[in-house]
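Descriptive structure summary
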Amino acid sequence: MSLTLYFLRHGQTECSRNNSFCGSIDSELTPEGLEMAKAFADAYSSMDWTAIFCSPMQRTVLTAKPLCEAIKIEPQLRDGLKEINYGQWEGRTPEVISREYHDDYIRWSADPAWNAPTGGEMAVTIASRALQVIEEIKQNYTSGKVLVVAHKATIRIMLCSVLGIDVGRFRFRLGCPVASVSIVEFSSHGPLLKVLADRSHLDERLRNLPGT
């Protein structure tokens, strides 16, 4: 039996709805985001989960909560799963950032692996801390299904890292809308991407809400 990781992005927040940068801002879920969390739990609570790892931010903890309560598993919180710190860009839209921090935004857009948002984190830094969590999971659970609840950039960076995709391309190679699930199976042949950004557990209304 192989180890399978389910990467779940948190539900909708005001920042995701407004398409503004939200890394270190500890935002809560919107009412629709809470609905997304419940929809995930309803669809996945019958599965035999081995463990749940979660970023300690409110939006991820609240997303994991309905499933954790349904299956009686405590989430294991890890700082390594936090979202990228966007520094001075926090809470602002790309349009504003492009105007007020134009040169930094151009450099970051070209290669976020080695260029950070103004006062923020590079993607290689996120890759280093997040992969420590993945390695911890792989060492402690050789098989079974493990849920990893995290954030848009962090999930895409983790996926790029384990699948051998240039981390600097994370923004343009993999989709990760709110409340989406991506599945990677680890076997003797290495990691295999089974599912990317699935949202079939959400009804049509929730899938079509505005935001990232």
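Just so you know, these numbers come straight off a predicted model, no measurement behind them.

With that settled, consider the UniProt feature "binding site: substrate" (unreviewed entry) in the chain. Mapped onto this numbering, the UniProt entry annotates "binding site: substrate" (unreviewed entry) at Arg59, Glu83, Ile84, Asn85 and Tyr86. The annotated residues named above include Arg59, Glu83 and Tyr86 as those lining the largest pocket. Within the element layout of this structure, glutamate 83 appears in the loop between strand E3 (76-77) and helix H4 (94-100). Setting aside residues no more than four positions away along its own chain, glutamate 83 makes contact with Cys22, Gly23, Arg59, Glu121, Arg129, His151, Lys152, Ala153 and Thr154. With respect to the helices and strands, asparagine 85 occurs in the loop between E3 and H4. The residues touching asparagine 85, leaving out its near neighbours within four places in the chain, are Ser24, Glu90, Pro117, Gly120 and Glu121.

Let us look at the UniProt feature "active site" (unreviewed entry) in the chain. Within this structure's numbering, the places UniProt gives as "active site" (unreviewed entry) are His10 and Glu83. Spatially, the listed residues are clustered: although they cover 74 residues, their C-alpha atoms lie within 10.9 Å of one another. In the annotated set above, the residues contributing to the lining of the largest pocket are His10 and Glu83. Dropping the residues within four chain positions of it, histidine 10 is found in contact with Arg59, Thr60, Thr63, Ala150, His151, Val178 and Ala179.

Counted at 1.5 Å a residue, the expected span for helix H3 (residues 58-71) with its 14 residues is 20 Å, and the 20 Å between its end C-alpha atoms agrees. Of all the bends in H3, the largest measures some 35 degrees and sits at lysine 65, one to four residues before the proline proline 66. Tucked inside the fold, the buried residues of H3 contact strand E1 (3-9), helix H2 (31-44), strand E2 (49-54) and strand E4 (144-150). Following H3 by one or two positions, lysine 72 adopts a phi angle in the positive range, close to 60 degrees.

Okay, the side chain of threonine 13 next. Within the element layout of this structure, threonine 13 appears in the loop between E1 and helix H1 (14-18). By relative accessible area, which is 1% here, threonine 13 ends up buried. Not counting residues within four places of it along the chain, the set of residues in contact with threonine 13 comprises Ser27, Glu28, Leu29, Thr30 and Arg59.

Quick look at the side chain of serine 16 now. The residue serine 16 is located in helix H1 in this model. Leave out the neighbours within four places in its chain, and serine 16 touches Arg9, Val178, Gly211 and Thr212.

Going through the model one piece at a time under the given rule, you end up with twelve aromatic pairs. Between tyrosine 6 and tyrosine 44 the ring centres are 6.3 Å apart and the planes differ by 75 degrees, which places this aromatic pair in the edge-to-face class. A residue pair is termed long-range when its members are at least 10 positions apart, and tyrosine 6 in strand E1 and tyrosine 44 in helix H2 qualify at 38 residues. Ring centres of tyrosine 105 and tryptophan 108 lie 6.2 Å apart, and the angle between their planes is 35 degrees; this geometry places the pair in the tilted category. You can see tyrosine 105 and its partner tryptophan 108 sitting in helix H5 (residues 102-110), three residues apart, about one turn around the helix. Here tryptophan 108 falls in the buried class, since its relative accessible area comes to 1%. Grouping aromatic residues by their ring pairs yields a cluster made of Phe21, Tyr86, Trp89, Tyr105 and Trp108.

In this fold, arginine 199 is placed in the loop between strand E6 (190-198) and helix H9 (204-207). For arginine 199, a relative accessible area of 15% corresponds to the buried category. Sequence spacing of arginine 199 and valine 149 is 50 residues, and the spatial spacing of their C-alpha atoms is 15 Å. Every residue in contact with arginine 199, bar those within four places of it in the chain, is listed here: Met36, Pro177, Val178, Ser180, Leu206 and Arg207. At 3.0 Å, the side chain of arginine 199 and the backbone oxygen of arginine 207 are in polar contact.

Cut-off values and rules
- Residues numbered from 1 in each chain as written.
- Predicted model: local features only at pLDDT ≥ 70, side-chain atom pairs only at ≥ 80, totals over all residues.
- Heavy atoms only, no water.
- UniProt positions renumbered as here; feature names shortened; annotations may be inferred.
- 1 Å grid on protein atoms, 1.4 Å probe; cavity = no way out; pocket = protein on both sides within 12 Å on 5 of 7 lines; lining within 4 Å.
- Helix = DSSP H or I, 4+ residues; strand = E, 2+ residues; numbered from the N terminus.
- Contact = heavy atoms within 4.5 Å.
- Expected span 1.5 Å × (residues − 1).
- Bend = angle between axes of the 7 residues up to and from the residue.
- Buried < 20%, exposed > 50% of the residue type's maximum accessible area, 1.4 Å probe, protein only.
- Phe/Tyr/Trp six-rings, centres within 6.5 Å; stacked < 30°, edge-to-face > 60°.
- Polar contact = N/O pair within 3.5 Å; in protein donor to acceptor, adjacent residues only side chain to side chain.

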